[in-house]
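The residues making up each chain are set out below.
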Amino acid sequence: MRKQTISFEFQVYESMAELGQEDQRLMQRAIKAREAAYAPYSSFLVGAAILLENGEVVIGNNQENASYPSGLCAERVALFYAGANYPGMVIKAIAITAMSENHLVDTPAAPCGNCRQAISEYEFRQKEPIPILMMGEKGEVIKCSSLADMLPLGFNNTYLKG
Ligand code: THU
């Protein structure tokens with residue numbers, strides 16, 4: 001038996017204002033997307049913005065459903081839109097922000113496990129790290145330089161091949 005440790009470094013910005021211009025602009029798009037979320041059941045509104053290598057930004061927000069599991073997270077709405085409309089195009093960054101209609105979300109909104117797995121598929125495929133920016137409604141912003149850092153010991157398609 002041997003023990004191993006996985007650790008990773010990430011950046012914490014005091015607020016959105018401290019971000020670089022490009023990241024700030026992307027987060028702005030995520031905020032805009034968040035405002036259009038369809039979240040009548042949770043009242044938790046999430047927005048995601050994806051920067052593509054051609055400079056275009058695609059957005060997504062959570063789309064809930066009366067049959068709860070039929071809804072989809074903001075990140076995957078954006079990601080699958082990108083995959084469907086810009087097949088094979090490299091993703092340069094993803095910004096995520098969340099707010100609640102019931103309380104102030106002042107801690108960075110982390111993508112759920114399913115979204116991490118979905119993003120990891122794209123990162124693995126493009127062989128280029130996807131930086132993830134996370135924010136609540138206000139307050140600190142966390143930036144991870146790669147999705148893989150957020151999903152250690154992850155599953156990918158190498159397990160499916162002989
Ligand atoms: N949600 C997202 O959109 N992204 C996440 O990563 C976490 C959760 C949504 C799903 C649901 O509509 C609401 O937030 C409450 O879970």
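Provided above is the structure to which this section pertains.
Position numbers for residues start from 1 in each chain and track the written sequence from start to end. Side-chain atom pairs in this predicted model are given and counted only at pLDDT of 80 or more, local residue features only at pLDDT of at least 70, and totals for whole chains, interfaces and linings cover all residues. Heavy atoms from the whole structure form the basis of all side-chain values; hydrogens and water molecules are not counted.

### Here we look at the overall build of the protein chain
Put simply, the rule is: Numbering of helices and strands runs from the N terminus, with a helix taken as a DSSP run of H or I at least four residues long and a strand as a DSSP run of E at least two residues long. Throughout, the radius of gyration refers to the C-alpha atoms, and the reference size of a globule is 2.2 Å times the residue count to the power 0.38. Note on classification: 1.4 Å probe, protein chains only; a residue is buried when its accessible area is under 20% of the maximum for its type, exposed when over 50%, partly exposed between these limits. Note on contacts: a residue pair is in contact if any heavy atoms of the two residues lie within 4.5 Å.
Check the secondary structure of the protein chain and you find four helices and six strands. Counting helices and strands in the order they occur from the N terminus, the protein chain gives β-α-β-β-α-β-α-β-β-α. In terms of overall dimensions, the protein chain is globule-like: its C-alpha atoms have a radius of gyration of 16 Å, near the 15 Å expected for 162 residues. The principal-axis extent of the C-alpha atoms belonging to the protein chain is close to 45 × 40 × 35 Å. For the protein chain, the proportion of its 162 residues judged to be buried stands at 43%. Long-range contacts, defined here as pairs at least 24 residues apart, represent 66% of the contacts in the protein chain between residues at least 6 apart.

### A word on a nonpolar patch on the surface
Spelled out, the test is: Nonpolar side chains (Val, Leu, Ile, Met, Phe, Trp, Tyr) within 5 Å and like charges within 9 Å form the patches, drawn only from residues with over 30% relative accessible area and no salt bridge. Method for areas: the Shrake-Rupley scheme with a 1.4 Å probe, in which residue coverage is limited to the protein chains shown. Counted as salt bridges are all cases of a side-chain nitrogen of Lys or Arg within 4 Å of a carboxyl oxygen of Asp or Glu.
Together, Phe-8, Phe-10 and Val-12 make up a nonpolar patch on the protein surface, roughly 250 Å² of accessible area in all. The residue Phe-8 is located in the segment before strand 1 (11-13) in this model. A residue is classified by how much of its surface remains accessible, and Phe-8, at 34% relative accessible area, is partly exposed.

### Description of the site of the ligand
Quick note on the threshold: By convention in these notes, a residue is near a molecule or strand provided one of its non-hydrogen atoms lies within 4 Å of it. N or O atoms within 3.5 Å of each other form a polar contact, as long as, within protein, one can give a hydrogen and the other can take it, and as long as residues adjacent in sequence are counted only when both atoms are side-chain atoms. Throughout, the ten residues Ala, Val, Leu, Ile, Met, Phe, Trp, Tyr, Cys and Pro are labelled nonpolar, Asp, Glu, Lys and Arg are labelled charged, and all others, Gly among them, are labelled polar.
In the vicinity of the ligand, the contacting residues are Ser-42, Phe-44, Val-46, Asn-62, Glu-64, Cys-73, Ala-74, Glu-75, Ala-110, Pro-111 and Cys-112. Interatomic distance of 2.5 Å between a side-chain N/O atom of Glu-64 and an oxygen atom of the ligand. At 2.9 Å from an oxygen atom of the ligand is found a main-chain nitrogen or oxygen belonging to Ala-74. Out of a free accessible area of 370 Å², the ligand has 74% covered by protein chains. Looking at the shell around the ligand, the elements that each hand over two or more residues are strand 2 (44-52) and helix 2 (74-85). In the shell around the ligand, the residues fall into seven nonpolar, two polar and two charged.

### Considering the environment of Val-12
Here Val-12 shows up in strand 1. Measuring from C-alpha to C-alpha, the distance between Val-12 and Met-134 comes to 9.6 Å, with 122 residues separating the pair along the chain.

### Side note on the sheet that holds strand 6 (residues 141-144)
Stated formally: Following DSSP output, two strands are said to pair if at least two bridges run between them. To get an axis, a line is fitted to the C-alpha atoms, and for a helix only the part in contact is used. The angle between two axes follows their N-to-C directions and goes from 0 to 180 degrees.
Here we have six strands laid out as an open sheet, ordered 1-6-5-4-2-3, and mixed in their pairing. Looking at which strands have only one partner, the edges of the open sheet turn out to be strand 1 and strand 3 (57-61). The average angle at which neighbouring strand axes cross in this sheet is 15°, direction not considered. Taken together, the four bridges between strand 5 (residues 132-135) and strand 6 define a ladder with antiparallel strand orientation. For Met-134, the partnering residue across the bridge sits in strand 6 and is Ile-142. Along the sheet, helix 2 contacts strand 2, strand 3 and strand 4 (91-100); its crossing angle with strand 2, the most-contacted strand, is approximately 30°.

### Topic: unusual backbone geometry
One non-glycine residue, Lys-127, adopts positive backbone phi at about 55°. Topologically, Lys-127 is positioned in the loop between helix 3 (113-126) and strand 5. Even without being a glycine, Leu-153 presents a positive backbone phi close to 55°. Along the chain, the position of Leu-153 falls in the segment after helix 4 (147-150). Here Leu-153 falls in the exposed class, since its relative accessible area comes to 80%.

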